[in-house]
Amino acid sequence: MAADQAFVTLATNDRYAKGAMVLGQSLRNYKTTKRLVVLIGPHVADQCRSVLDSIFDEVCVVDVRDSGDTAHLALMKRPDLGVTFTKLHCWTLTQYSKCVFMDADTLVLSNIDELFEREELSAAPDPGWPDCFNSGVFVFRPSNETYQKLLTFSSENGSFDGGDQGVLNSFFNTWATEDISKHLPFIYNLSSIAIYTYLPAFKQYGHEAKVVHFLGKVKPWDYSYDPQTGEVRGHSMPPERHSDFLVLWWKLYATSVLPSLRLAYGETPFHTGCTENTAHAGMTDASAPTTPPALQMSSEERKERWEAGQADYMGDDSFTHIERKLDSFLK
Ligand code: UDP
Ligand code: GLC
Ligand code: MN
């Protein structure tokens, strides 16, 4: 085990902690030889913390930092992302010489230890503005000096998006032009947005994806899941947006993470996210949204699909691409 290299993620609250658990478990399933570290906020519940403890090598409590930049965050329609400034703490993990940061809303689909051959700051293009890197997956070298510089830089210049990605792109501002080896292939950070914004490319290359990133306001844990039927439901945002990867996330959560959460919570009710029957009826979240089944499309969604030039990407065609991966993942 490479003791001085680690995958690092962040969860300031219990919702993102679930994402971190699934991400950590997916890295374990693909037998990473690197250490696993999660940075958590002080308010993460003890029960979540104990599950994180069982998956990660290190759970570090950090102060939650907030950009407080409501104006820029409003431009992104994500008032919640000021706290992503907390991500900058990852540079203080100087017990490691090299790390790969991964957002808690990412999921790995194969072993990605080869990322440690890359240098700081390596990252994949952002699907919204490809001359910026997306800060959901990046290779970095912990250093107190860099950390201090980043803090000074962010207090002097702020962030153009109100979150960490704006600061990091301004700070590592030669990423787009200087060294192509720092451009990670998009398959290391396949934003689910790209699936419907460039569907033909997804059909062509999607099966090569190594990391899927559930970028955007609605996260996998905001849906609900029926373990009996394997169906993901709920929320106004149609589950098809995240395609079969969403089902993959839920299968991993339900089979590998939820049992540990149940043990940790014992009799205390908590939001499982699963619509359940008898055995755990007490655990079912009564407030879970009950919207139409996954494949029932709203007219707005139909229109969006039509505009994307493709009407049936959840159809059999695309599923065959993913099915192989699903099978190998669940084996
Ligand atoms: N995050 C967190 N708590 C929050 C919001 C964000 O811990 O309330 C962390 C988490 O690791 C998350 C990352 O910051 O994955 C970036 O936020 P998010 O993934 O929501 O941004 P997006 O990728 O959707 O732009
Ligand atoms: C992005 C990234 C995310 C980052 C956020 C705020 O969309 O996916 O990792 O935290 O912007 O800058
Ligand atoms: Mn993210």
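In this report, the structure presented in the accompanying data block is examined.

### Observations concerning the sheet that holds strand β7 (residues 133-140)
With mixed pairing, the six strands of this open sheet are ordered in space as β3-β2-β1-β4-β7-β6. In the strand order of this sheet, the two ends are held by β3 (58-61) and β6 (122-125), each with one partner. Each strand axis lies, on average, 25° off the axis of its neighbour in the sheet, ignoring direction. Pairing between strand β4 (residues 98-102) and β7: four bridges, direction antiparallel. Each residue of the ladder has a partner; that of Cys99, found in β7, is Phe140.

### Quick word on the nonpolar core
Core analysis: the biggest nonpolar cluster contains 65 residues, and Met102 and Leu261 have the highest contact counts within it. With 13 residues, helix α8 (residues 243-265) is the single largest residue contributor to this core. Apart from the residues lying within four places of it in its own chain, the contact partners of Leu261 are Met21, Cys48, Val51, Tyr253 and Phe270. Grouped together as the second largest cluster of nonpolar side chains are 26 residues, Cys60, Phe85, Cys99 and Trp175 included.

### Points about the packing of helix α1 (residues 14-29) against helix α2 (residues 46-55)
It is the contact of α1 with α2, at a shortest axis distance of 10 Å, that shows an interaxial angle of 15°. Overall, the two elements α1 and α2 adopt an arrangement that is roughly parallel. Where α1 crosses over α2, the handedness of that crossing is left-handed. Where α1 approaches α2, its residues Asp14, Ala17, Ala20, Met21, Gly24, Gln25 and Arg28 are matched on the opposing element by Cys48, Val51, Leu52 and Ile55.

### Some details on the site of ligand 2
Every one of the 13 residues lining ligand 2 counts as a neighbour, but Lys87, Asp103, Asp161, Asp164 and Gln165 are closest to it. One nitrogen or oxygen atom from the side chain of Lys87 is found 2.9 Å from an oxygen atom belonging to ligand 2. Here Asp161 contributes a side-chain N or O atom positioned 3.0 Å from an oxygen atom of ligand 2. Protein chains bury 90% of the 310 Å² of accessible surface belonging to ligand 2 in isolation. When residues of the shell around ligand 2 are traced back to their parent elements, those giving at least two are β7 and α5 (164-171). In terms of residue count, β7 provides more of the shell around ligand 2 than any other element does, three residues in total. Considered class by class, the residues forming the shell around ligand 2 number two nonpolar, seven polar and four charged.

### Side note on the packing of aromatic side chains
The geometry of two aromatic rings is summed up by the distance between their centres and the angle between their planes. Inspection of every chain in the model, using the stated rule, returns 17 aromatic pairs. Relative to Trp221, the ring of Tyr16 lies with its centre 5.2 Å away and its plane at 70°, an arrangement referred to as edge-to-face. Of this pair, Tyr16 sits in helix α1 while Trp221 sits in the loop between β9 (211-213) and β10 (224-226), and the two are 205 residues apart along the sequence. This pair shows no difference in class: Tyr16 is buried, exactly as Trp221 is. A ring pair is formed by Trp249 and Trp250, whose centres lie 5.2 Å apart and whose planes are at 75°; its orientation type is edge-to-face. The buried category is assigned to Trp249, whose relative accessible area is 0%. Grouping aromatic residues by their ring pairs yields a cluster made of Trp91, Phe101, Phe138, Phe140, Phe153, Phe171 and Phe172. The positively charged end of Lys34 is found above the aromatic ring belonging to Phe116, 4.8 Å away from the centroid.

The rules behind the values
Residues numbered from 1 in each chain as written. Chains lettered and ligands numbered in written order. Predicted model: local features only at pLDDT ≥ 70, side-chain atom pairs only at ≥ 80, totals over all residues. Heavy atoms only, no water. Pairing = 2+ DSSP bridges. Helix = DSSP H or I, 4+ residues; strand = E, 2+ residues; numbered from the N terminus. Axes fitted to C-alpha atoms, helices over the stretch in contact; angles between N-to-C directions. Core = buried A, V, L, I, M, F, W, Y, C linked by side-chain atoms within 4.5 Å. Buried < 20%, exposed > 50% of the residue type's maximum accessible area, 1.4 Å probe, protein only. Contact = heavy atoms within 4.5 Å. Parallel < 35°, antiparallel > 145°, perpendicular 65-115°, else oblique. Left-handed = near helix turned anticlockwise from the far one by under 90°. Near = heavy atom within 4 Å. Polar contact = N/O pair within 3.5 Å; in protein donor to acceptor, adjacent residues only side chain to side chain. Areas by Shrake-Rupley, 256 points an atom, 1.4 Å probe, with all protein chains shown as cover. Nonpolar A, V, L, I, M, F, W, Y, C, P; charged D, E, K, R; others polar. Phe/Tyr/Trp six-rings, centres within 6.5 Å; stacked < 30°, edge-to-face > 60°. Lys NZ or Arg CZ within 6 Å of the ring centre and 35° of its normal.

These figures capture arrangement, not role.
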